[in-house]
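# Architecture at a glance
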Amino acid sequence: MKYWSQTFIPTLKESPADAEIASHKLLLRAGLVRKLGGGLYTFLPAGLRVVQKISQLCREEMDREGAIELSMPFIHPVDNWVDGPRWTAAREIMYRVDHAGAGKGRAKEPEFVLGPTHEEVITPLVRQEITSYRDLPKNFYQIGTKFRNEIRPRYGLMRAREFIMKDAYSFDVDDAGAIESYNRMKRAYTAFFLRCGLKTIAVEADTGVMGGSYSHEFMVPAPVGDDDIVYCEESGYSANREKATSGLVPKDLPAAAPAGALEEFPTPGIVTIAALAAAPYNVAPDKQFKTLVYLGDGKPFLVILRGCDDLEEAKLGPLGFQLWRAATPEEIEPILGAKPGSLGSVKGTIRNPAALAGIFADHAIRLVGNGTTGANKDGFHLRNVNVTRDLAVTQWGDFRRVRAGEPDQQSGSPLKMARAIEVGHVFKLGTKYSEKFGAVYTDDQKQSHPMVMGCYGIGLSRTLQAVIEQSNDADGIIWPWQVAPWQVLVVNLDPADAAATALCLKLAQLAETAGADVLIDDRAERPGVKFKDADLIGLPLRLTVGGRGLKEGIFEFKWRASKEVRKVAIAEAGSAVTEAVRTAAAKA
RNA sequence: CGGGACGUAGCUUAGCCUGGUAGAGCGCUUGCUUCGGGAGCAAGAGGUCGAGAGUUCGAAUCUCUCCGUCCCGACCA
């Protein structure tokens, strides 16, 4: 049990101006964290307790599925990363560390980096220590601080430069084993988030910089989330928007017959889809082809979409480039022969086709059939462009961004879209890292194989904030039982009164014996202040003792979530408190 | 990195447009009165107005540069 006067819970009446969303304001107002700098936060005692509780729940669920805890350094020799498979893509997000005393004029690469994740550390370790199929499978995890130079930290702990993460890495002898490990982690995650009192849904996700074959994200639906999820209630399909596809293009769609001969026509000053859709041209956006120019690892390539569609950049990942970005107008003109606004990909109109790494067409342009596109000549477009006859496509794929309302692939029902916070991510990595680092094992036929890996992350500090975001009201936080910094708050309205103080101690002992963590508000504050603070910090059960009640021989029960208040006779304190705590703990 | 907003006491902020001795509320300190939902009165402490340069007789206020913070986009747990 803890006395409020002997810990440190600096509550605030007003939210600091740099907090925008409810959970961020409450983190600060309830005295859980304080900001050091952008994306850098100190956990104050109450906040730290929540971190520890969440960590412990996570640990229990990981252990239950057979994962093994260890702890790896935060500081990594840069060579681990340079030798790994994703240095080019990952270096931008890493903080660099020069060893103390490093002078000017050192080499370009730093001596060390701060770990954003640990594949580059665990894989060499396993390579060194595990060589036999007899020692597999293994799944190692740790709970610790991660460092990422986030392009834009925001919303408090939601996206921070330094954050607490549980990361796990599984090593299996074959794909079937890896799938089993993956499923165990999905199960652990589901159980963990449930115990945190969070509603999550698992969605299919893009693998991003991690690479690997497939992945699921655990999402907390919330308007302040950074991600869009796409889902169909009928079929059960759910995916991150970056990965989502729809049934917009029928599989059996016949190829459109040419509508006529290619025809160039002048379009002076017309450089947008919208302008071409307006009078006098009146070419609807879904009858236009949009040509985008990107650079993949320095080489230009084209993406063709319908005029009405947007590119989903994450979908360029499978093309195999490490880094890609939109090309600038200066880079585009020498290749295509025109400035943006008049671009196209019709055979024979591209000035320097040999420079291109590929022309990638979105399936949906088949819906256009015959349409209009730029002539690669400033101020001119081409009409009667036929998809199969005229476009020089090297590869078809799904590149467009799905929109809400499009039909689900399986059920045909309209897809829905919602914002969500990503709190966990499971990846099936395959052999990308094990091959690169030589993490191989010998099987019972004396054959050598790369281990099949998976990796699994949970943003624990983000989870903490997601719980607050999902569970609060106008008065403050409403902590779920399992993750509350303390579960019972005993409010002493008359700390100067010996009888009140004695009763508070007795109630606290009863609650503690029944299994709850207890905070006693013994401050010499006015009742109004104590009640406001109690609601703000949001402990699940409040027991109030005051002179008025003492005279009547009662104290008060109040549940934070339901606001339900009950007067209890002091004589029945023992059974009432014990039962309340046990019931609440059992439900959680 | 692109676009936008902002930076005045521990916190929330007024003042800036139209240059002329820096104000309030909360919080803090002391005293008295209060005492079951952020009390009242009285007295008090607390500010290089983010930093630097410039314009000016004079800059929180106008100009420029830099730094920091927040919001929107790309990135991520």
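Nothing here was measured: the structure is a model prediction, and the numbers come from that model. (Residues numbered from 1 in each chain as written. Chains lettered and ligands numbered in written order. Predicted model: local features only at pLDDT ≥ 70, side-chain atom pairs only at ≥ 80, totals over all residues. Heavy atoms only, no water.)

This brings us to the protein's contact with RNA strand B. Residues in close proximity to RNA strand B total 51 residues, the closest being Ala17, Arg148, Ile151, Arg159 and Asp535. When the atoms of RNA strand B within 4 Å of the protein are grouped by moiety, sugar and phosphate amount to 47% of the total. In this structure, a phosphate oxygen belonging to RNA strand B sits 2.8 Å away from a main-chain N or O atom of Gly38. Only strand S2 (33–37), strand S9 (162–172), strand S22 (416–430), strand S25 (452–459), helix H13 (527–537), strand S30 (541–545), helix H14 (547–552) and strand S31 (554–559) provide two or more residues apiece to the surface near RNA strand B. Looking at side-chain class alone, the surface near RNA strand B contains 16 nonpolar, 12 polar and 23 charged residues. (Near = heavy atom within 4 Å. Polar contact = N/O pair within 3.5 Å; in protein donor to acceptor, adjacent residues only side chain to side chain. Helix = DSSP H or I, 4+ residues; strand = E, 2+ residues; numbered from the N terminus. Nonpolar A, V, L, I, M, F, W, Y, C, P; charged D, E, K, R; others polar.)

Before going further, it helps to examine the sheet that holds strand S15 (residues 289–296). The sheet built from 5 strands is open, its strands ordered S17-S15-S16-S18-S21 with mixed pairing. Each end of this open sheet is capped by a strand with a single partner; those strands are strand S17 (324–326) and strand S21 (395–397). Within this sheet the neighbouring strands show an average axis-to-axis angle of 30°, counted without direction. Where S15 lies against S17, 3 bridges are found, and the strand directions are antiparallel. (Pairing = 2+ DSSP bridges. Axes fitted to C-alpha atoms, helices over the stretch in contact; angles between N-to-C directions.)

This paragraph deals with H13. Taken as a whole, H13 has its buried residues at Lys530, Asp533, Ala534, Asp535, Leu536 and Ile537. Where the residues of H13 are buried, they touch helix H1 (22–29), strand S27 (476–477), strand S28 (488–492), strand S29 (518–521), S30 and S31. (Buried < 20%, exposed > 50% of the residue type's maximum accessible area, 1.4 Å probe, protein only. Contact = heavy atoms within 4.5 Å.)

Let us look at the sheet that holds S29. Consider a sheet: its strands pair through backbone hydrogen bonds, and that pairing is either parallel or antiparallel. Overall, mixed pairing links the 6 strands, which are arranged S1-S29-S28-S30-S31-S32 in an open sheet. Strands with a single pairing partner mark the edges of an open sheet, and in this sheet they are strand S1 (2–3) and strand S32 (565–569). As paired elements, S31 and S32 share 5 bridges and run antiparallel to each other. In the sheet register, Glu556 faces S32, and the bridge partner there is Lys567. Across the sheet, helix H12 (residues 498–513) is in contact with S1, S28, S29, S30 and S31; its angle to S28 comes to roughly 175°. Across the face of the sheet, helix H15 (residues 573–587) comes into contact with S28, S30, S31 and S32 while running at roughly 10° to S31.

Residues Leu32, Met62, Tyr189, Phe192, Leu464 and Trp479 are the most contacted members of the largest nonpolar core, which totals 59 residues. When residues of this core are assigned to their parent elements, the largest contribution, 7 residues, is made by helix H2 (residues 45–64). When neighbours within four sequence positions are excluded, Met62 is seen to be in contact with Ala67, Tyr141, Lys166, Ala168, Met185, Ala188 and Tyr189. By size, the runner-up hydrophobic cluster in this structure holds 26 residues, among which are Val488, Ala516, Leu541 and Phe555. (Core = buried A, V, L, I, M, F, W, Y, C linked by side-chain atoms within 4.5 Å.)

This part covers the packing of aromatic side chains. Evaluated as defined, the whole model comprises 12 aromatic pairs. Each ring, one from Tyr182 and one from Tyr214, has its centre 5.0 Å from the other, and the planes form 70°; the classification is edge-to-face. Here Tyr182 is found in helix H6 (residues 175–195), whereas its partner Tyr214 is found in strand S11 (residues 214–221), with 32 residues between them in sequence. Residue Tyr182 is classed as buried on the basis of its relative accessible area, which comes to 1%. (Phe/Tyr/Trp six-rings, centres within 6.5 Å; stacked < 30°, edge-to-face > 60°.)

What follows covers the domain arrangement of chain A. Here chain A is described as being made up of domain 1 (18–74 + 114–225 + 418–468), domain 2 (263–397) and domain 3 (486–587). Of the residues lining the interface, 6 residues belong to domain 1; the matching set on domain 3 comes to 5 residues. Contact between domain 1 and domain 3 buries roughly 500 Å² in total, counting both sides, with carbon and sulfur atoms accounting for 58%. On the domain 1 side of the interface with domain 3, the three residues burying the most area are Ala30, Arg49 and Lys53, jointly 70% of the side's total. Remark: the boundary between domain 1 and domain 3 carries 2 salt bridges. Here Asp517 and Lys53 are joined by a salt bridge, their closest N and O atoms 2.5 Å apart. Taken together, the elements giving at least two residues each to the side of domain 1 that touches domain 3 come down to H1 and H2. (Domains from an automatic or database assignment. Buried area = accessible area lost by both parts, 1.4 Å probe. Salt bridge = Lys/Arg side-chain N within 4 Å of Asp/Glu carboxyl O.)

So, on to the environment of Ile9. Tracing the chain through its elements places Ile9 in the loop between S1 and H1. The spacing of Ile9 and Val402 is 393 residues in sequence and 46 Å in space, taken between C-alpha atoms.

Residue position: Asp172 is located in strand S9. Engagement of the side chain of Asp172 in a polar contact is seen with the side chain of Ser181, the distance being 2.6 Å. Excluding residues that lie within four positions of it along the chain, Asp172 makes contacts with Leu136, Pro137, Gly177, Ala178, Ser181, Met451 and Val452.

What follows concerns the state of the cysteines. With the rule as written, the count across this model stands at 0 disulfides. Looking at Cys58, it has no disulfide partner, and the nearest cysteine sulfur is the one in Cys196, 8.0 Å off. (Disulfide = S-S within 2.5 Å.)

Let's shift gears to the packing of H12 against H15. When two helices pack together, their arrangement is captured by the angle between the axes and the distance separating the axes. Remark: H12 packs on H15, axes separated minimally by 8 Å, with the N-to-C direction vectors making an angle of 40°. Comparing their axes, H15 and H12 come out oblique. Note that H12 runs across H15; the crossing there is right-handed. Residues Leu507, Leu510 and Ala511 of H12 pack against Ala573, Gly574, Val577 and Val581 of H15. Classifying every residue of the contact of H12 with H15 by side-chain character gives 6 nonpolar, 1 polar and no charged. (Parallel < 35°, antiparallel > 145°, perpendicular 65-115°, else oblique. Left-handed = near helix turned anticlockwise from the far one by under 90°.)

Here we come to the pattern of salt bridges. Per the stated rule, a full pass over the model turns up 41 salt bridges. A salt bridge links Arg49 to Asp517, with the shortest nitrogen-to-oxygen separation between them at 3.5 Å. With a gap of 468 residues between them, Arg49 in helix H2 and Asp517 in the loop between H12 and S29 connect regions that are remote in the sequence. Lys416 is the partner of Glu233 in a salt bridge, and the nearest nitrogen-oxygen pair spans 3.0 Å. Of the two residues, Glu233 sits in the loop between strand S12 (227–231) and strand S13 (238–240) while Lys416 sits in strand S22, which places them 183 residues apart along the sequence. Glu233 gets classed as exposed once you look at its relative accessible area, which sits at 60%. In the salt-bridge network here, residues are joined through shared partners; they are Asp228, Arg241, Glu312, Arg401 and Arg419.

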